[in-house]
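Chains, contacts and geometry: an overview
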Amino acid sequence: MKLPNGVSGFYDFEGNKPPRIDGKQFKQLCYQIAASNGGRVIEFNLPQASANFYTVQVKMFDGVFYLLLNEHYPYLAFAAAVESGDIQFVDIPALAEKFSPYYHVLDTIELSIPIEDKHKSELNRAELVQISYWKPKKVCQILFNFWD
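Here the structure is a predicted model, which means the values were calculated and not measured.

**Re the pattern of salt bridges**
Under the defined criterion, the tally for this structure stands at four salt bridges. Residue Glu 71 pairs with Arg 20 through a salt bridge whose shortest N-O separation is 2.5 Å. With Glu 71 in the loop between β3 (63-70) and β4 (75-83) and Arg 20 in the segment before α1 (23-36), this residue pair connects regions lying 51 residues apart in the sequence. What makes Glu 71 buried here is its relative accessible area of 12%. Lys 118 is the salt-bridge partner of Glu 116, the closest N and O atoms lying 3.9 Å from each other.

**Concerning the side chain of Gln 57**
Mapped onto the elements of the fold, Gln 57 is located in strand β2 (residues 53-60). In terms of polar contacts, Gln 57 uses its side chain to reach the side chain of Tyr 66, at 3.3 Å. With residues up to four places along the chain from it excluded, the contact list for Gln 57 reads Arg 40, Val 41, Ile 42, Glu 43, Val 64, Phe 65 and Tyr 66.

Criteria and thresholds
Residues take numbers from 1 onward in each chain, read along the sequence in its written order. Under the rules for a predicted model, residues below a pLDDT of 70 receive no local features and side-chain atom pairs below 80 are neither given nor counted, while totals for whole chains, interfaces and linings still include all residues. Hydrogens and water are ignored here; the side-chain numbers use all heavy atoms of the structure. A carboxyl oxygen of Asp or Glu within 4 Å of a side-chain nitrogen of Lys or Arg is what we treat as a salt bridge. Working definition: helices are DSSP H or I runs of at least four residues, strands are E runs of at least two. Numbering for both runs from the N terminus. Accessible area is worked out with a 1.4 Å probe on protein chains only. A residue is then buried under 20% of its type maximum, exposed over 50%, and partly exposed in between. Any N or O atom pair separated by 3.5 Å or less is treated as a polar contact, with the protein-specific requirement of one donor-capable and one acceptor-capable atom, and with residues adjacent in sequence counted only for side-chain atom pairs. Throughout, a contact is declared for two residues whenever any of their heavy atoms are within 4.5 Å.

Given below as structure tokens:
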């Protein structure tokens, strides 16, 4: 998996600014899919200065978990816990099926891929500087980061 320019939320000049995900569409989908599966959205958080992703806490399927969507590219993942600097990713196949027409739903295997140079080939200079500083070990740590 090549990581596209700006996926980390950093860019080196205005002309190299990454695209943005439609947050309104994502919010609507979260509420709609949760309700249609007997669940509900507990909290919907926009990306913050120190996080490059949307965080949605959902109560569904007899549990509470999180939906994470990268702010710039359609990469979606599920997590059991989200704390600054630590995300516990999980697979939820029933939800992956519901969101896959709209987003690339990443499973725990894809998220755990060790970072190699081939993954970084499309990243910009600002991202490479951040990677050098934060030293992420896995793809998930670039796609869903708390860098500021």
